[in-house]
Amino acid sequence: MPGEPVARSGALRRRRDRTSILLLMPALTLLTVMFLIPLGLMFGMSLSNWPLFGNIRFAGLDNYADAIQDATFWQSLLFTAKYTLIVTPIQILVGYLLAVFVRSHWTGVGAFRAIYFLPVVIGFAAAAYVFLTLVQPGTGLLDQLFIMLGLKPADRLILADPTLALVVTVILSSWKSVGVSMILFMAGMQAIPRDLYEAAEVDGARWMARERWITIPLVRRTFALVLVLTVAGSILAFDQFYIMTRGGPQGQTVTAVLWIYTVSFVRFRLGYGAALSFILLALLVGITALQVRALRQEVEE
Amino acid sequence: MTASAPRGIARRTAGHALRYIIASAVALLFALPILASVSRSLVDTPGAIRPFPDVLFHLITDNYVAVVNYGAGLWTYAGNSAVVAIATAVGSAIIATLAGYALAKMPFRGSGFVFVLLLTPLMVPFQGILAPIFLILSALHLTNTLPGLILIYVVFQMPFSIFIMRNTFSSIPREIEEAAVVDGATTATMLLRVMVPLAVPGVITVVLYAFLFGWNEFLGALIVIADNANYTLPVALNNVQSGVFGRVDFGVLQAGSVVAMLPSIIVFLFLQRYYTRGLIAGSVNS
């Protein structure tokens, strides 16, 4: 192990171990109180009827049974899935293309990288407020654009149309997160030895072929990472939906987390919310595991 | 050099020019939303009939003044966000430095397990366990307080922070430690005077990420804070947007957003390198 201390005699060793544990105490205490206990608590909650005020009753698997019959929950899962399936390819593709642009060194590339990455650091809430301006009827840039493209009549609100609302949130999320894929891809690409490209050039391979046969295969691991991160992030999307659409025209843009939030903190059915959270988490873990397994096979080929 | 060298150079120059053109066009596209927001924030409502308000003719800063007075006042909200962000940054740095050092330089039999344990919050996203966390805060009488929120933020920044600090410490050569020990350093001295100065890049990365997280986070703040006076900026702006303080004024909302975005942008521009390092370090782990 790197940095492994020199072997010491028993007493000194024990004292060092004790100091080590002491140094870890703050982190472990915080972890236990604010994470492990809540996690365990949530399990218990999901099996109870747990209103914010009032009596807590054990309810067995009732919450889970309710969840299965909860149309809004399933609709939110479906919508979240739809949203994820749209956003992910965009992020990966655009991130890759941008990375191709900014991976080499040319004058000013640093500035471009910074601009492309800037939306990442402002937070989803700020991004949502910014995009609210863009969809304002009459003055918003997106509003003007959509009218120009014939996507909507001049007098209709973008956010009143479920499809357009989805389009706007997709644009927002892509704009905001593409920088991360870009940097990750860039790092992966920069690890590829230049000789490979030079050899290919000598052999007469053109740009597209070089990308296809050298870059793409060699950034598989990065691709896997970007995929996992993008999917996980999209499954947990909340801020932009709460702020921009509030669940959209008649609940048609409700994401899973938005529904869980509503159940837990607007309707105060904490037990039920806990059960829904568990289901969502199970799905998330499952999907991530599937991705990892599928991608591991790919990478090994 | 082949006989077609001049043509080759011309083609390359054209290629370079094209690259700049495309890159700039894309950059404009990326900057557009923020620019639109800034421009909208400088315009009074009536003047907003025009699609892209002409900043030169309408440089009214009324919106910024109005924002200051909305609700409990912009400075209160920004101040709350600042307190939360800075406290999260400092708390994360301290906890992660202590833990990272212990894990990297003072391993014991259960170290590996402890490390994995400390990484588990990465697998359980905070959006998933909101309700029980709220109840715990309730039991600690910390709901609706900034410290309560800070605790949550620090816990969920911990995995990444500890990971970074552990890596940073691991890469410090053993010889330095051994030399310090030979010089009679105690653990405290070793840590504070020898190790930490060498781990400053890692600390900066941790502080940067934690600060941005604390400053930008929305859902947690929405749930934990109930009193107007304690709201952080993202949540306060939400109230502006939903008209809680009266008619929705987009100029004011954008002014508030610009104020919310500015620190993030400035901090990022100055510390870009550290942000990228953190991102890549995190990806190597996966």
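Residues numbered from 1 in each chain as written. Chains lettered and ligands numbered in written order. Predicted model: local features only at pLDDT ≥ 70, side-chain atom pairs only at ≥ 80, totals over all residues. Heavy atoms only, no water.

## A word on the overall build of chain B
Phase 1: Counting its regular elements, chain B contains 12 helices and 0 strands.
Phase 2: The helix and strand sequence of chain B, counted from the amino end, reads α-α-α-α-α-α-α-α-α-α-α-α.
Phase 3: Looking at chain B as shown, the accessible area adds up to about 12,700 Å², and 69% of this sits on carbon and sulfur atoms. (Helix = DSSP H or I, 4+ residues; strand = E, 2+ residues; numbered from the N terminus. Areas by Shrake-Rupley, 256 points an atom, 1.4 Å probe, with all protein chains shown as cover.)

## Here's the deal with the interface of chain A and chain B
Where interface size is quoted, it is often the accessible area lost as the parts come together.
Phase 1: Taken together, the 82 residues of chain A in the interface contact 91 residues of chain B.
Phase 2: Summed over both partners, the interface of chain A with chain B buries about 7,500 Å², with 79% contributed by carbon and sulfur atoms.
Phase 3: If you look at where chain A meets chain B, you find 0 salt bridges.
Phase 4: Scanning the region where chain A abuts chain B turns up 10 residue pairs in polar contact (both at pLDDT 80 or more).
Phase 5: In terms of residue class, the side of chain A that touches chain B is built from 61 nonpolar, 14 polar and 7 charged. (Contact = heavy atoms within 4.5 Å. Buried area = accessible area lost by both parts, 1.4 Å probe. Salt bridge = Lys/Arg side-chain N within 4 Å of Asp/Glu carboxyl O. Polar contact = N/O pair within 3.5 Å; in protein donor to acceptor, adjacent residues only side chain to side chain. Nonpolar A, V, L, I, M, F, W, Y, C, P; charged D, E, K, R; others polar.)

## Thoughts on a nonpolar patch on the surface
Phase 1: Residues I86, I90, L93, V94 and L97 of chain A make up a contiguous nonpolar surface patch of roughly 380 Å² in combined accessible area.
Phase 2: If you trace the backbone, I86 of chain A turns up in helix α3 (residues 71-102). (Patch = residues over 30% accessible without salt bridge, like charges linked within 9 Å, V, L, I, M, F, W, Y side chains within 5 Å.)

## Observations regarding unusual backbone geometry
Peptide bonds are, in most cases, trans, and in most cases residues other than glycine have a negative phi.
Residues and elements named next belong to chain B.
Phase 1: Phi is positive for H141, close to 60 degrees, though the residue is something other than glycine.
Phase 2: The topology assignment puts H141 in the loop between α5 (130-139) and α6 (146-170).
Phase 3: A positive phi angle, close to 65 degrees, is found at N144, a residue other than glycine.
Phase 4: Here N144 shows up in the loop between α5 and α6.

## Section: the environment of Y101 of chain B
Phase 1: You can see Y101 of chain B is positioned in helix α3 (residues 74-105).
Phase 2: The exposure class assigned to Y101 of chain B is buried, which follows from its relative accessible area of 3%.
Phase 3: Y101 of chain B sits 62 residues away from S39 of chain B along the chain, and the two C-alpha atoms are 47 Å apart.
Phase 4: Excluding residues within four positions of it along the chain, Y101 of chain B makes contact with L23 of chain A together with A96, M106, F169, E177, M190, L191 and M195 of chain B. (Buried < 20%, exposed > 50% of the residue type's maximum accessible area, 1.4 Å probe, protein only.)

## Examining the environment of R246 of chain A
Phase 1: With respect to the helices, strands and loops of the structure, R246 of chain A is situated in the loop between α11 (239-245) and α12 (256-266).
Phase 2: Residue classification places R246 of chain A among the partly exposed residues on the basis of a relative accessible area of 41%.
Phase 3: Through-space distance from the C-alpha of R246 of chain A to that of S46 of chain A is 26 Å; in sequence the pair is 200 residues apart.
Phase 4: Residues within four places of R246 of chain A in sequence aside, it is in contact with F241 and L258 of chain A together with N238, Q241 and S242 of chain B.
Phase 5: Here Y242 of chain A takes part through its backbone oxygen, which lies 3.0 Å from a polar atom of the side chain of R246 of chain A.

## As for the packing of aromatic side chains
Phase 1: Counted according to the given criterion, the structure contains 26 aromatic pairs over all chains.
Phase 2: For the ring pair W106 of chain A and Y20 of chain B, a centre distance of 5.0 Å and an interplane angle of 85 degrees mean the geometry is edge-to-face. Residue W106 of chain A is located in the loop between α3 and α4 (109-117), and its partner Y20 of chain B is located in helix α1 (residues 5-41); the two belong to separate chains.
Phase 3: Residue classification places W106 of chain A among the buried positions, given a relative accessible area of 5%.
Phase 4: Residue Y20 of chain B is classed as partly exposed on the basis of its relative accessible area of 30%.
Phase 5: Pairing F160 of chain B with Y209 of chain B gives two aromatic rings, centres 4.6 Å apart and planes at 45 degrees, and the pair type is tilted. One end of the pair, F160 of chain B, is in helix α6; the other, Y209 of chain B, is in helix α9 (residues 200-216), with 49 residues separating them in the sequence.
Phase 6: For F160 of chain B, a relative accessible area of 18% corresponds to the buried category.
Phase 7: Within the aromatic cluster, the residues linked to one another by ring pairs are F238, Y242, Y261 and F265 of chain A together with F134 and F218 of chain B.
Phase 8: Sitting over the ring of F124 of chain A, K176 of chain A keeps its end group 4.6 Å from the ring centre. (Phe/Tyr/Trp six-rings, centres within 6.5 Å; stacked < 30°, edge-to-face > 60°. Lys NZ or Arg CZ within 6 Å of the ring centre and 35° of its normal.)

## Quick look at the confidence of the model for chain A
A low pLDDT means the predicted coordinates there should not be read in detail.
Phase 1: Taken as a whole, chain A shows an average pLDDT of 86; of its residues, 96% reach a score of 70 or greater.
Phase 2: The secondary structure element of chain A with the lowest average pLDDT is strand β2 (residues 57-58) of chain A, at 82, and the one with the highest is α3 of chain A, at 94. (pLDDT = per-residue confidence, 0-100.)

## A short note on the packing of α3 of chain B against α6 of chain B
Residue and element names in this part refer to chain B.
Phase 1: Remark: α3 packs on α6, axes separated minimally by 6 Å, with the N-to-C direction vectors making an angle of 40 degrees. At the point where α3 passes α6, the crossing takes the right-handed sense.
Phase 2: Of the residues contributing to the contact of α3 with α6, the split by class is 18 nonpolar, 9 polar and 2 charged. (Axes fitted to C-alpha atoms, helices over the stretch in contact; angles between N-to-C directions. Left-handed = near helix turned anticlockwise from the far one by under 90°.)

## Thoughts on the side chain of T168 of chain B
All names here are of chain B.
Phase 1: With respect to the helices, strands and loops of the structure, T168 is situated in helix α6.
Phase 2: Here T168 falls in the buried class, since its relative accessible area comes to 16%.
Phase 3: Not counting chain neighbours up to four residues away, the residues in contact with T168 comprise A199 and G202.

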